[in-house]
Amino acid sequence: MDQTTELLSSYACDLRFEDLSPQVVHQVERTLVDTLGCAIGGFSSEPGKISRNLASEVSSATPARILGTKESSAPDMASFANCVMLRYLDCNDSYFSPGGGHPSDMIPAPLAMAGARGGDGKTVITAIALAYEVFCRLSDQVVASDLGWDQGIFGVVGATCAAAKVMGLDKKQMGHAISLSVAPNLPLGVTRTGELSMWKGCATASATRAGVFSALLAEQGMTGPDEPFEGRRGLWEQAMCGPVTLTAFGGRHEPFRILDTTFKSYPSQIHTQGPIGLSLELSSQVAPGDIDAILIRTYKGAVSTPATEPEKWDPKTRETADHSIPYLVAAALQDGEISPTTFTTQRIQDPALRTIINKMTIQENTDFTEKYPSEYNCRIEVTSKTGQLLTAHTSFPKGNRFNPLSDSEIEAKFQSLASPELGQNSYDRALELAWSLDTLPNLDALFDSLVV
């Protein structure tokens, strides 16, 4: 093994539930509640239906449950379908440092393998914490998007480690599983540029599926390249990022990265959370028809997409709209809320929102850029037709780890997303089981509580 593979495989095999603090265990359970709410909220989406239809056509001697149903599939296909559902609303957690993405996209991997192999809750918690460590520590070192790659480049490695952890692979098998996840899976950043397609919410599901598949291959004895990271034509060379050194992982003396993640308050891209919150604050102070101009000042990462992609000023798809600061600010000012109904075809095409968008300017504030990602600064200035100036500013949008959602707020989010699909008894039971994941002997009851 090369140095990176050796480090990752050793850490993955050595990590134990006892290494996790009560705070980490609780954060994993908070994350699971949030993730499951997003998954059930995306159950009826078109990508969700497509992925479930494909998964339901596949049978397996070790079946894994498809969320929201009583059906099962092969573990890799179940993880794909489940991840497509949870990503659809773009409401699950985020991690930036300044790399990152959506680490909870990996959670379907350990859920699928635990469901297939009868893994208990403590094993799943350990595997989730492990997946976050791998994804986040790699993202700390390499900003994949700046190099033209999509976030699945590291999600596949974390998902592999999590699935292999639940399966109990030894260090040699773990190393080959990691190698088999890296060599075939380099996703392109084009997934998230221009007018976004359904694949925007499926790309990391593909990575998670590949992670499960890699672990299954390694368990059967399949070998991968010995130096997938540092070897000639390995990942570091192909990614053109130079040598990457991983020096520490979460443990008894080092914080776990899952504690640094951000929960979303609204079903949209992470950079839109601040502008949405501020727009909702201002919506009660000015009527849309009274607005003369809107100026949004924020950090470069948030400005770059609307600055370079005209599609974000006139979105045609749900996937583009939930990445569009102009659209979401306009919708928040017009409606006084942002919810899944913000993204119906009729709402996206509403000409009244274009009227508001046409009054909007977005500018980079270099001071905000220098403070990112420690702070997510955004300031909105609304000038009325009478000359009145209204302003709102935030450094930490609601859900940020420095302005976190409480447990009760996460439960309320779960309820709002899942209640259209689940009856109250079901989602109350699902919450009860998710909050007690560390005591569960298996995941059967949890899956049953989530049947739509």
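Look a little higher up for the structure.
Okay, so let's go over this structure.

The rules behind these values
Counting restarts for each chain: residues are numbered from 1 in the order of the written sequence. With the structure being a predicted model, the display of local features is reserved for residues of pLDDT at least 70 and the display and counting of side-chain atom pairs for 80 or more, all residues being used for whole-chain, interface and lining totals. Computation of side-chain values: all heavy atoms of the structure, hydrogens and water removed. What counts as a helix is a DSSP run of H or I of at least four residues, what counts as a strand is a run of E of at least two, and both are numbered from the N terminus. Exposure is judged per residue with a 1.4 Å probe applied to protein chains only, and the accessible area is read against the type maximum: over 50% gives exposed, under 20% gives buried, and values in between give partly exposed. In this scheme Phe, Tyr and Trp rings, the latter by its six-membered ring, pair at centre separations within 6.5 Å, and the angle between planes marks the pair as stacked below 30 degrees, edge-to-face above 60, and tilted otherwise. Only Lys NZ and Arg CZ are tested; either one counts as a charge over a ring when it is within 6 Å of the ring centre and within 35 degrees of the ring normal. Working definition of a nonpolar core: buried Ala, Val, Leu, Ile, Met, Phe, Trp, Tyr and Cys residues. They are joined through side-chain atoms within 4.5 Å. Between two residues, a contact is recorded if the distance between any of their heavy atoms is within 4.5 Å.

### Thoughts on unusual backbone geometry
Moving on, step 1. The peptide bond linking Y372 to P373 adopts the cis configuration, its omega dihedral lying at 5°.
Moving on, step 2. By the element assignment, P373 lies in the loop between α17 (366–371) and β7 (378–384).
Moving on, step 3. In this structure, D90 is a non-glycine residue whose phi angle is positive, near 55°.
Moving on, step 4. Locating D90 in the fold gives a position in the loop between α4 (75–88) and β3 (95–96).
Moving on, step 5. Notably, R233 is not glycine yet its phi reads approximately 65°, a positive angle.
Moving on, step 6. Residue classification places R233 among the exposed positions, given a relative accessible area of 59%.

### Examining the packing of aromatic side chains
Moving on, step 1. One pass over the structure, following the stated rule, counts 8 aromatic pairs.
Moving on, step 2. With a centroid separation of 6.4 Å and an interplanar angle of 40°, the aromatic rings of Y327 and F343 are classed as tilted. Taken together, the residues Y327 in helix α14 (residues 325–335) and F343 in the loop between α14 and α15 (345–348) connect sequence positions 16 residues apart.
Moving on, step 3. The exposure class of Y327 is buried, given its relative accessible area of 0%.
Moving on, step 4. For the ring pair Y372 and Y376, a centre distance of 5.3 Å and an interplane angle of 80° mean the geometry is edge-to-face. Grouping residues by exposure puts Y372 and Y376 together as buried.
Moving on, step 5. Taken together, the aromatic side chains of F154, F229 and W236 make up a single cluster linked through ring pairs.
Moving on, step 6. Directly above the ring of F343 sits R318, whose terminal nitrogen or CZ lies 4.2 Å from the centroid.

### Regarding the nonpolar core
Across soluble globular proteins, nonpolar side chains have a tendency to be buried as a group.
Moving on, step 1. Counting 103 residues, the largest nonpolar core has L36, F154, F414 and L450 as the members making the most contacts within it.
Moving on, step 2. In terms of residue count, helix α6 (residues 121–141) provides more of this core than any other element does, 12 residues in total.
Moving on, step 3. In contact with L36, other than residues within four places in its own chain, are L67, L111, F414, A434, L446 and L450.
Moving on, step 4. L280, L282, F368 and I380 belong to the second largest nonpolar core, which has 38 residues in total.

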